[in-house]
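Topology and contacts: notes
Residues per chain are reported as follows:
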2 protein chains.
Amino acid sequence: MKDVARVAKVSLSTASLALNGKPGVTQKTKEHIISIAKELNYKPNSSARSLRVSKTKMIGLIIPDIVNNFYGVIVEYVRKEVESYGYFLLLGITGSNSANEEKYINEFITRGVDGVIYIPQLKHSDIRYVEQFDECKIPYLFLTARYEELDVPYVLCDLKKGFYEMTKHLLEQGLTEIYVMVGDKKVDQPYISGFYEACREFGICPDETVIVESSFEFEAIQEVADEIFFKGPQAIMTISDIMACGVMQQARKRGIRIPEELSVTGYDDVIYSIINHIPISTVMQPIKEMCVIAVNNLMNIMKYGIVPPSVILEPKLVLRETTRD
Amino acid sequence: MKDVARVAKVSLSTASLALNGKPGVTQKTKEHIISIAKELNYKPNSSARSLRVSKTKMIGLIIPDIVNNFYGVIVEYVRKEVESYGYFLLLGITGSNSANEEKYINEFITRGVDGVIYIPQLKHSDIRYVEQFDECKIPYLFLTARYEELDVPYVLCDLKKGFYEMTKHLLEQGLTEIYVMVGDKKVDQPYISGFYEACREFGICPDETVIVESSFEFEAIQEVADEIFFKGPQAIMTISDIMACGVMQQARKRGIRIPEELSVTGYDDVIYSIINHIPISTVMQPIKEMCVIAVNNLMNIMKYGIVPPSVILEPKLVLRETTRD
DNA sequence: GTGAAAGCGCTAACAA
DNA sequence: TTGTTAGCGCTTTCAC
C-alpha cells in the first residue's frame, strides 16, 4: 500500500480510505488511487488489517465429518450465507472426537474468528470446552444440537417429532413388528422417545430389544441388519439415510423384498435416500433453513449483541418407495 | 503475552521464546512462563505472528463442490495430511464457476496462505488467473487435473487408462452395444479416448452417437438414460458413480434388469457405488494416495523450493454387481 | 480533503 | 541466559 500511495502521490491514509471505499476522499483521487492499485496488482494484507481492527472477517464452522453428505450440505449452505455477509468460512472437522473439538476451538480462537457455528458431538463431560468462546467473547451458537445445561442459543430440527411421525405412519399401515436401528441409545434418545410416543398412542409398548445399536461403518450396519432379519421384522427404522442403505443392501442379499416384505426408513433426506436404486422413504430436515437461520442469528449477535431466541424447526415425512402406500 | 511476561517477571522476548519452545531459555523459566500462560489462559494472536513472520501456517484447497462425495473425501485426506505438518486447511468451494475460482485465488492471496492445492475447472480461456500465485510467489499445484500449456506441477490419476480398462472388460464379455455418458465431451475427452482405444483393439469403431452428454442434475441423468434405453444398449458406461446411480434408477423404472439385460459402470469408486442397493462396478481412483502425494510435494516446494516431478497414478477396476462376471 | 503519526501483538536481531 | 527495541502492513485519530 505504501507503493500505491507513493506512485499515486498521496499519503498512506488517503490510500487506505480510498481502497476501502470510505468517505473523506474526492471521487477523483479515489479513482486514481484505485486504478494505480490495480496496475500495481496490489493485494491487501489481511493479517495486518486483522491485527489492527481485531476482526478477521472469518466465521468458524465445526462439524464432525465432511464425508457424510448431511454435513457436506450444511457446509455448502453455511458457506453461501456467510459469504453473502462478506465473511470467509473456516472449517473444523473433528471426526466426532472430543479432543479434536477442543483443538479446533483453540485453533479458531487463535486465528481470531469473529463468530462460530458449532455442530457439537461433545460428551456432556467435555462440555466445558465451549466456555472458552465465552471467555474470549466470541459469539457462537449450536447447530442441530443443544445442551440443556448450557445457556447457548441453538437452531435445530425436532428429531423426536420426525421419528414420531414416521413411526405413526408405519403403525397406521398395520405394521407392528418394528425395529429401530440407532447409533448410540443415549445420544439418539430423541428418536427413541418419538418412537415410543407413537407406539403408546397405538396402545402398544415394544420392549427394549427392538432398539438396536450399530456403528456407522457400512459393514457393521449390514451385520446388525442381519441380526434383526432373524427376528422377523415388518419394518426397520433407522436414524440416517445411509443406515437405511445398509439395511436394504443386506435385505437384497437375503432375498427380502422391499417394501412388500419389509419397510425401511431413513432419516435426514440427503442424497443417499434419493439416488438409491430404490428411493428411500425418509424424514426431511430443513437443512437449508437451519443454516440460513443459524448464520443470521450469529450475525445478529455479532453486530448488535442481541441474542435471538433459539429455534426448533419442523421435520417432514418424505414417502418414497421403501414403505408401502 | 505482555501480561504473561509481566506476571512471570520476564521480558517479552523471553516469554516469546519460551512459548514457542525455542532455545535460549532455561528449562525452569520456560516451564514457569508456560504455567503462567496457562493460568492466564493466554492464546497467541496469529494475525500478529503472521504479520511479523509473513507466514500464516495455512494451506488453501480449491475444490468445485463439497456436496459431491469425491471432493468430500479429498478434503478429508488433504486436511489430515496438512494438519500432520502443523498447517491449517482453508477451503475454497467454487461451484465450478470461473469467477468464483478467481475470487478464491484472490481471497487466498489476501489471507496469505503459504501454499495452495488446486482442483481446477478453469476454462482454458481463464487459465491465466492462476498466474497470480506465481506473481505472489505462492507455491501451488494442481490435483486431479493439468493444463498442458502451464508449467505447473500436478498429481492425478490416469482417467483414460481407467476407462480403457473398463471398456475392454465389457468388450471381453461380448458386449458390443456400449453407450458412454459424459458430462461434457470436451472436458471429458480422456474418458472418451480410453473408450475408443479399447474399441479399436477389438476391431470396432462406434460412431459418435454412442457418446452422450448429460448435466450432473439427477433428473437430467435419468432423462438422458431414458433416451439411451430407446436405442437398445447392452451396457452404459458413465464417468461418475452418481451418474451410474441415475441410470440404474431409470432402468428400474423401465423394468430393465441389471446386470442381466444391461451392464452399468460408474467411475471414482466413492460411496455412491458402495451403498447403492445393487453395488456398482466402477473404476477406483487412489484418492488417498493422490492427496498424500499432493501435500507432500507442496511441502517440498514450500520448504526447499524443489519442484518434485508431477505424478500420474494408476486406476483400478472394481467389479461389483452391475456388470456380469 | 489530505497528511502525520501512533499502535495493534508478535518476533528476531542485537546488546547486555 | 535474558532484555531492549524496531518494525511487519494496516487503520484511525487528530491536526492542518
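Residues numbered from 1 in each chain as written. Chains lettered and ligands numbered in written order. Predicted model: local features only at pLDDT ≥ 70, side-chain atom pairs only at ≥ 80, totals over all residues. Heavy atoms only, no water.

**Some words on the pattern of salt bridges**
Applying the stated rule across the entire model yields 30 salt bridges over all chains. A salt bridge links Asp226(A) to Arg254(A); the nearest nitrogen and oxygen atoms lie 2.6 Å apart. Pair noted here: Asp226(A) is in helix H10 (residues 218-229) and Arg254(A) is in the loop between helix H11 (241-253) and strand E9 (263-265), with a separation of 28 residues, a long-range link. Residue Lys80(B) is joined to Glu76(B) by a salt bridge in which the shortest nitrogen-to-oxygen separation is 3.5 Å. Of this pair, Lys80(B) and Glu76(B) both sit in helix H5 (residues 69-84), separated by four residues, roughly a single helical turn. Residue Glu76(B) is classed as buried on the basis of its relative accessible area of 12%. (Salt bridge = Lys/Arg side-chain N within 4 Å of Asp/Glu carboxyl O. Helix = DSSP H or I, 4+ residues; strand = E, 2+ residues; numbered from the N terminus. Buried < 20%, exposed > 50% of the residue type's maximum accessible area, 1.4 Å probe, protein only.)

**Some details on the protein's contact with DNA strand D**
Lining the immediate environment of DNA strand D, one finds 22 residues, of which Lys22(A), Tyr42(A), Arg52(A), Ser11(B) and Arg52(B) sit closest. Protein-proximal atoms of DNA strand D, defined as those within 4 Å of the protein, fall in sugar or phosphate at a share of 61%. One of the backbone N or O atoms of Ala48(A) is found 3.2 Å from a base nitrogen in DNA strand D. In the environment of DNA strand D, a base nitrogen lies 3.0 Å from a nitrogen or oxygen atom belonging to the side chain of Ser13(B). Of all elements in the fold, only helix H2 (12-19) and helix H4 (46-53) of chain A together with helix H2 (12-19) and helix H4 (46-53) of chain B reach the threshold of two or more residues within the surface near DNA strand D. For the surface near DNA strand D, the element with the highest residue contribution is H4(A), accounting for four residues. Considering only residue class, the surface near DNA strand D consists of eight nonpolar, ten polar and four charged. (Near = heavy atom within 4 Å. Polar contact = N/O pair within 3.5 Å; in protein donor to acceptor, adjacent residues only side chain to side chain. Nonpolar A, V, L, I, M, F, W, Y, C, P; charged D, E, K, R; others polar.)

**Regarding empty space enclosed by the protein**
Under the definition given, this model contains four cavities of 30 Å³ or more. Ser46(A), Ser47(A), Ser50(A), Thr56(A), Met58(A), Arg111(A), Ser46(B), Ser47(B), Ser50(B), Thr56(B), Met58(B) and Arg111(B) are the residues that line the largest cavity. Among the secondary structure elements, those contributing two or more residues to the lining of the largest cavity are H4 of chain A together with H4 of chain B. For the lining of the largest cavity, the class distribution of residues is two nonpolar, eight polar and two charged. By volume, the second largest cavity is sized at about 60 Å³. Together, Leu91(A), Ile93(A), Tyr104(A), Val75(B), Arg79(B), Glu83(B), Phe88(B), Leu89(B) and Leu91(B) line the second largest cavity. Broken down by secondary-structure element, the contributors of at least two residues to the lining of the second largest cavity are strand E2 (88-93) of chain A together with H5 and strand E2 (88-93) of chain B. Looking at side-chain class alone, the lining of the second largest cavity contains seven nonpolar, no polar and two charged residues. (1 Å grid on protein atoms, 1.4 Å probe; cavity = no way out; pocket = protein on both sides within 12 Å on 5 of 7 lines; lining within 4 Å. Points joined across faces, edges and corners; volume = space filled by probe spheres on them.)

**A look at the packing of helix H5 (residues 69-84) of chain A against helix H13 (residues 287-304) of chain A**
All names here are of chain A. Where H5 meets H13, the closest approach of the two axes is 9 Å, and the angle between their N-to-C directions is 40°. By the angle between their axes, H5 is oblique relative to H13. H13 is crossed by H5, and the crossing has right-handed handedness. Between H5, through Phe70, Val73, Ile74, Tyr77, Val78, Glu81 and Val82, and H13, the contact on the second element is made entirely by Ile287, Lys288, Cys291, Val292, Val295 and Asn296. Looking at side-chain class alone, the contact of H5 with H13 contains ten nonpolar, one polar and two charged residues. (Axes fitted to C-alpha atoms, helices over the stretch in contact; angles between N-to-C directions. Parallel < 35°, antiparallel > 145°, perpendicular 65-115°, else oblique. Left-handed = near helix turned anticlockwise from the far one by under 90°. Contact = heavy atoms within 4.5 Å.)

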